[in-house]
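Spelled out from the first residue to the last, the chains are:
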Amino acid sequence: MPPAPAAARAMPHFRYLGHGIGLRPEHYQAVLAEADAPVDWFEIISDNFLVPGGNPRRVLRGVRERTPVVMHGVSLSLGSVDPLNEDYLRGLRDLAAEIEPAMVSDHLCWGSLGGQYAHDLLPLPYTEEALRHVAERVLRVQDRLQRRILVENVSSYVAFRQSAMTEWEFLAALCARADCGVLLDVNNIFVSAHNHGFDPAAFIAGIPVDRVGQIHLAGHSTAGALLLDTHDHPVCDGVWDLYRMAVRRFGQVSTLIEWDDHIPPLERVVAESRRAAAAEAAALAPATAEQHASG
Amino acid sequence: MPPADGRAGGAAGPALAALQGQFFGLITAPEGVAAGLAAAGLRDADLDRVIASDQRASAVERLDIYANMYFYRIRDTLRDYFPATAAALGEAGFHNLITDYLLAHPSRHPSLREVGRHLPGFAARHALAAGGRPWLGELAALEWARLDVFDRADEPALDRARLQALAPEEFASLPLRAIRAHELVPSVHAVDDLWSAVNGGADAESSLAPPAERETPAAFVVWRRETTVYHRLADAAEAEAIAWLQGGLGFGALCERLGQERSPELAAQRASAWLGQWLADGLLLSVGAE
């Protein structure tokens, strides 16, 4: 069981779970074969479990008996001008009722239009119109699910000239209007900062401390002069540096290693998760010492 | 270069609905963003007024990242779902099939899992099928059925011992019902040979023999037991009988239906043989589980 938060500053609505990894089909056998769960918690991609039966649900039940699980979706399309997909919402609600996840999250993006799905996390303009629209939809989702959700910042390759605020200003305003939390993807901050030329430290400094319920870490790849959010590499040094910065600001926050392509053996992903735990401890050590000194 | 604080400048721009319409249209344009712009009567400069660019990447190049992701993510997913179909067509053939497929059947379900549902029917009508591959849709249908039954509801299978414990009159009226995790796929070509070759490791289009036409039409029975998906060939009569089981049918009624075209003794023999096979397969739903 992970220790209680040292700083107790993370979002009080979201329990600190420790360090987790994504539950991926490549690791199903290895995860179930271990007597004890190899990590503190697992994340599932909700969309992959909205089926009535079969192996995914069987594995999920087995994992949930031993470990906290969080649901992470990719298809709410919170920013789309399409109506919310009520069937999808019902599926999420039913899955959540069955597995009682510690958290439910999706992305600050849109991915569908006119009933068609791009199966991608498309960027929004950071305008007052978009903010009103997304906030209203987050409120409706939270009402349907009867729980507060976390909204994740995405990696982006396009910025709109009409944006009147930064992405972090938009996220902060969204939290205030919709009373939702933030899933802070540190790799996405790193990728977008590179692609658009902003300071990643400003992003972290601009997110309200009491709204961050979960952190994502992942690897990315290079495409010409830009970075792509591919989740197919280990976490790079620059992202580890940003993670330590985030921990110093937000305190202990449940942290996930995402590895979705060229997936290595379970032990390698678990090792990356343990590295995150060590990085968190190292980042908090001076603050703890300072607190003790001042106390 | 956008301002270093990440704020793009608050320039006048299209309303959210119009912006998303333009964006979506360009990233799903079959020939890419530049061609999509031209088809809409727009120039690069028009896009530059909406999307920030710098010396590293133009607005078109940045949007092309999303266009490529849109197509390749779906194509790669479909290649995972239809490995034998992809191997039989080769890289270029499968790429072209999926390009045409997405124009006719863009994804309309939030789950990527559903994106291939219409591919078997589409492949059967595609020019690639008409051009010497009449088996194409059938092969894709077998692959889709195998994928589809994998995620269907878990149900207990009827157990032989449970059946043997029944009194004769109970047995005759017992409603036999197929589990939901099964599918029947009509087959007029031996596409299972090609499927086996690819799943046995063959992956070169040139090394795969085209499936021969069967002497008599048959059907694949595809089903899941625990976490394994199986398929086998059934003759037309057995396939018809399995279809009857979807609504539930007593063993006595099965014999009666079969007896309309053959002697009662032959009908009973046939039904008994099928019943033994269905029990061994795990194709029948346990009594009381419906």
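Residues numbered from 1 in each chain as written. Chains lettered and ligands numbered in written order. Predicted model: local features only at pLDDT ≥ 70, side-chain atom pairs only at ≥ 80, totals over all residues.

(A) Quick peek at the overall build of chain A. On a plain count of helices and strands, chain A comes out with nine helices and 12 strands. Since a compact globule built from 295 residues should have a radius of gyration of about 19 Å, the 18 Å found for chain A is in line with a globular shape. C-alpha atoms of chain A, sized along the principal axes, occupy 50 × 45 × 40 Å. Long-range pairs, those at least 24 residues apart, make up 78% of the contacts in chain A between residues at least 6 apart in sequence. (Helix = DSSP H or I, 4+ residues; strand = E, 2+ residues; numbered from the N terminus. Rg over C-alpha atoms; globule rule 2.2 N^0.38 Å. Contact = placed C-beta atoms within 7 Å.)

(B) Region of interest: the domain arrangement of chain B. The assigned domain composition of chain B is domain 1 (16-77) and domain 2 (155-281). Taking only C-alpha atoms into account, the centre of domain 1 of chain B sits 49 Å from that of domain 2 of chain B. (Domains from an automatic or database assignment.)

(C) Structural context of the sheet that holds strand 12 (residues 255-258) of chain A. Residue and element names in this part refer to chain A. Around the barrel, which closes on itself, the eight strands sit in the order 1-2-3-4-7-8-9-12 with parallel pairing between neighbours. With direction set aside, neighbouring strand axes in the sheet form an average angle of 30 degrees. The pairing of strand 4 (residues 104-107) with strand 7 (residues 150-152) spans three bridges and is parallel. Among the inter-strand pairings, D106 is bridged to a residue of strand 7, identified as V151. Helix 6 (residues 186-196) rests against strand 8 (181-185) and strand 9 (212-218) of the sheet, and its axis sits at about 65 degrees to strand 9. (Pairing = 2+ DSSP bridges. Axes fitted to C-alpha atoms, helices over the stretch in contact; angles between N-to-C directions.)

(D) Structural context of the interface of chain B and chain A. Chain B puts 49 residues into the contact, and the matching count from chain A is 47 residues. Breaking the side of chain B that touches chain A down by element, the ones donating at least two residues are helix 1 (16-27) and helix 4 (59-81) of chain B. Per-class residue counts for the side of chain B that touches chain A are 28 nonpolar, 10 polar and 11 charged. (Nonpolar A, V, L, I, M, F, W, Y, C, P; charged D, E, K, R; others polar.)

(E) Region of the structure containing the environment of N187(A). Residue and element names in this part refer to chain A. With respect to the element layout, N187 can be found in helix 6. On the basis of neighbour count, N187 is assigned to the buried category, with 26 C-beta atoms found within 10 Å. For the pair N187 and I215, spaced 28 residues apart in sequence, the C-alpha to C-alpha distance is 9.6 Å. The contacts of N187, once residues within four sequence positions are left out, are H216, L217, A218, H220, D229 and V239. (Buried ≥ 20, exposed ≤ 12 C-beta atoms within 10 Å, placed from the backbone.)

(F) Representation of helix 1 of chain B within the structure. The end-to-end C-alpha distance of helix 1 of chain B is 16 Å, a good match for the 16 Å that 12 residues give at a rise of 1.5 Å each. Every buried residue of helix 1 of chain B is accounted for by L16(B), L19(B), Q20(B), F23(B), F24(B), L26(B) and I27(B). For helix 1 of chain B, the angular spread of the buried residues around the axis is 165 degrees, confining them to a single face. Where the residues of helix 1 of chain B are buried, they touch strand 5 (110-113), strand 6 (116-122) and helix 4 (128-145) of chain A together with helix 2 (33-39) and helix 4 of chain B. (Expected span 1.5 Å × (residues − 1). Arc of directions from axis to C-beta.)

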